[in-house]
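Residue-level structural notes
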Amino acid sequence: MSDFPGDLKFLSSHEWARVESDGTITIGISDHAQDLLGDIVFVELPEVGQSVDAENDAAIVESVKAASDIYSPLSGEVIEVNSLLEDQPEIINSSPYEDGWFFKLTPSDMGELDNLLSPEDYSEVCED
Amino acid sequence: MNKTPLHNAHIQLGAKMVNFSNWEMPISYSSLIEEHNAVRNTAGIFDVSHMSVFDFDGDNQVAFFEKIFANDIKKIYKDNKAIYGALLNEEGGILDDLIIYHANNKFRLVSNCSTREQNRQWFEKHALEFGVKVIERSDMGILAIQGPNALNKILEIKEIDSKVNALQSFGCMLEDDKLYARTGYTGEDGLELIIPTQDINRLWDQALELGCAPIGLGARDTLRLEAGLNLYGNDMTINNHPYESNLGWTIDMSDQNRKFIGKDALLSIDQSKSQKIVGIILQDKGVLRSGYEITHEQGKGMVLSGSYSPTLQSSIGLARVDQGFQENGKVMIRNKVLNIDFVSPRFLRKGKI
């Protein structure tokens, strides 16, 4: 069974966002997404300083089978990327909500959080 | 959607199922990379019952195959052996690639699943003049057991005749209606069992009990890619001739009197100008995928199949490129120019780098 931590907000396209105590946002993909993708072998991350728009592509993840766009749940400026993923992209499979995060951003509109799905609503998306 | 006799078994094993040419098939059971490595290191079992099986009847089968098959059936028709080759149209375009097995004076043919209807009609059309009867065997299933330990596992299955161990590569034997052949699609030693559907589940269960790992179509694709084996529909289509598809070695014109379909068209092709299928290894980070554009000093090309190679632990692919390539080239991935090496399409030999 997939895991849906309660402190996260989700896009129906399987990305998660977590509001950190300093107001920044950490972004990654869900346990359900990594399970669907299978063994992840490559990640292309955004540049630090780059602006991303909510629900637009910000990164690419490649499993053995296929390449998939990763959308940013929120708009903002990228302040950090998870460089661990460059050499060990398989961490996304083993730890999608912790060590396998993709990037952090300073959000430009916290109101966009309201557009995201709660863990309960997202878990229903995954059952469809 | 079509289902193989093992459909329930796949679901019970927790397989991810996908639509593959209108067949609901397992893409993977757990980790694709672990499945791939199981075949390279020990033994795995595949359900490939979606593939098409045809038997034939009549006195002039050899003449029939001499006409429709670009390889020469005379290489095997006196032995218990299998032969790989292409089915061509009059223009030399590849209709399909397939294996014809000959054992106990009977021919059995296995071709791809997406081309089943096309092939049946093609066989029936050309069988008429030879009085050959085409028998589609939808009552047959296929298991492939592959890997360095595959034969050891198979010899523990009592109902399989231990004579399979003495078969050479591409050797085969027929017992009742069960065909056992030393063929496969992984670059490993192994056996393919083309047997009645009612026998499939029993043999599958025994192989799993003996420690063969169930392998999905995902790992089947990475295994065949490492072995440099073409996938019809991906690496070659009806719009390609054999010389630009790495299948020149399967075109047998040694018997000058043999007229096979597509021969005249092939004779008019200048092979020195044909594109070639070549192996490529990505030297930078990333993953090669079908459709990416390639350039080299004297021409260009395109990636046909691309994936991550669990054995080489880098990205590899098959590409069709203009002649004149040397050791290195470039590939365009999402507007970035990355470096590739051109190599033999056979990335592995007998499962080794």
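Up top you'll find the structure we're talking about.
A brief look at the structure comes next.

What counts, and at which threshold
Residues numbered from 1 in each chain as written. Chains lettered and ligands numbered in written order. Predicted model: local features only at pLDDT ≥ 70, side-chain atom pairs only at ≥ 80, totals over all residues. Helix = DSSP H or I, 4+ residues; strand = E, 2+ residues; numbered from the N terminus. Rg over C-alpha atoms; globule rule 2.2 N^0.38 Å. Contact = placed C-beta atoms within 7 Å. Nonpolar A, V, L, I, M, F, W, Y, C, P; charged D, E, K, R; others polar. Pairing = 2+ DSSP bridges. Axes fitted to C-alpha atoms, helices over the stretch in contact; angles between N-to-C directions. Core = buried A, V, L, I, M, F, W, Y, C linked by C-beta atoms within 7 Å. Buried ≥ 20, exposed ≤ 12 C-beta atoms within 10 Å, placed from the backbone. Arc of directions from axis to C-beta.

**Observations concerning the overall build of chain A**
Helices and strands together make up the secondary structure of chain A, namely four helices and nine strands. In chain A, the succession of helices and strands from N to C terminus is β-β-β-α-β-β-β-β-β-α-α-β-α. Against the 2.2 N^0.38 benchmark of 14 Å for 128 residues, chain A shows a C-alpha radius of gyration of 13 Å, consistent with a compact globule.

**A short note on the interface of chain A and chain B**
Of the residues lining the interface, eight residues belong to chain A; the matching set on chain B comes to twelve residues. Classifying every residue of the side of chain A that touches chain B by side-chain character gives four nonpolar, one polar and three charged.

**Some points on the sheet that holds strand 18 (residues 328–333) of chain B**
Residues and elements named next belong to chain B. With antiparallel pairing, six strands are arranged side by side around a closed barrel as 14-17-16-15-18-19. Neighbour-to-neighbour, the strand axes of the sheet open up by a mean angle of 40°, direction not taken into account. Here strand 14 (residues 276–282) runs beside strand 17 (residues 314–321); their pairing, made up of six bridges, is antiparallel. Looking across to strand 17, one finds that Gly279 is bridged to Leu318. Together, strand 16 (299–309) and strand 17 form the strand contacts of helix 7 (residues 217–226), whose direction differs from that of strand 16 by roughly 130°.

**Points about the nonpolar core**
Residues and elements named next belong to chain B. Residues Ile100, Tyr101, Leu143 and Ile145 are the most contacted members of the largest nonpolar core, which totals 128 residues. Sorting elements by how many residues they give to this core places strand 6 (residues 94–103) first, with seven residues. Setting aside its immediate chain neighbours within four residues, Leu143 contacts Ile45, Phe46, Asp47, Leu193, Ile200, Leu203 and Trp204.

**Overview of the pairing of strand 12 (residues 190–196) of chain B**
All names here are of chain B. Counting buried positions over the seven residues of strand 12 gives six, a clear majority of the element. Taken together, the seven bridges between strand 9 (residues 140–146) and strand 12 define a ladder with antiparallel strand orientation. Across the sheet, residue Ala144 finds its bridge partner in strand 12, namely Glu192. In this sheet, strand 12 lies alongside strand 11 (residues 178–181) in antiparallel orientation, the contact comprising three bridges. Looking across to strand 12, one finds that Ala181 is bridged to Glu192.

**Topic: the sheet that holds strand 12 of chain B**
Two pairing modes exist for strands in a sheet, parallel and antiparallel, and in both the strands are linked by backbone hydrogen bonds. Residues and elements named next belong to chain B. What the six strands build is an open sheet, ordered 10-11-12-9-3-13; its pairing is mixed. With partners counted over all chains shown, the strands left at the sheet margins are strand 10 (172–175) and strand 13 (213–214), one partner each. For strand 10 and strand 11, the ladder comprises four bridges, and the chain directions are antiparallel. Paired with Glu175 across the two strands is Lys178, which belongs to strand 11. On top of the sheet, helix 2 (residues 32–41) reaches strand 3 (44–47), strand 9 and strand 13; it is set at about 115° to strand 3, its chief contact.

**Points about the environment of Trp101(A)**
By the element assignment, Trp101(A) lies in the loop between helix 3 (91–94) and strand 9 (103–107). It is 9.9 Å that separates the C-alpha atoms of Trp101(A) and Ser83(A), two residues lying 18 residues apart in sequence.

**So, the environment of Ala86(B)**
All names here are of chain B. Note that Ala86 resides in strand 5 (residues 81–88). On the neighbour-count criterion, Ala86 (25 C-beta atoms within 10 Å) is buried. Put simply, Ala86 and Leu247 are 161 residues apart on the chain and 7.9 Å apart in space, counted from C-alpha to C-alpha. Once residues lying within four places of it in the same chain are set aside, the contact partners of Ala86 are Ala70, Ile94, Asp97, Pro242, Leu247 and Thr250.

**Notes on helix 6 (residues 197–209) of chain B**
Residue and element names in this part refer to chain B. All buried positions along helix 6 are accounted for by Ile200, Leu203, Trp204 and Ala207. Take helix 6 and look down its axis: the buried residues cluster within an arc of 110°, on one side only. Along helix 6, the residues that are exposed and aim more than 90 degrees away from the buried face are Gln198, Arg202, Asp205 and Glu209. Contacts made by the buried residues of helix 6 are with helix 1 (7–12), strand 3, strand 9, helix 5 (150–155) and strand 12. A positive backbone phi angle near 100° is found at Gly211, which sits one or two residues after helix 6.

**Regarding helix 3 (residues 61–68) of chain B**
Among all positions in helix 3 of chain B, only Gln61(B), Phe64(B), Phe65(B), Glu66(B) and Ile68(B) are buried. In this fold, the buried residues of helix 3 of chain B make contact with strand 4 (52–57), strand 5, strand 6, strand 7 (106–111) and helix 4 (116–127) of chain B.

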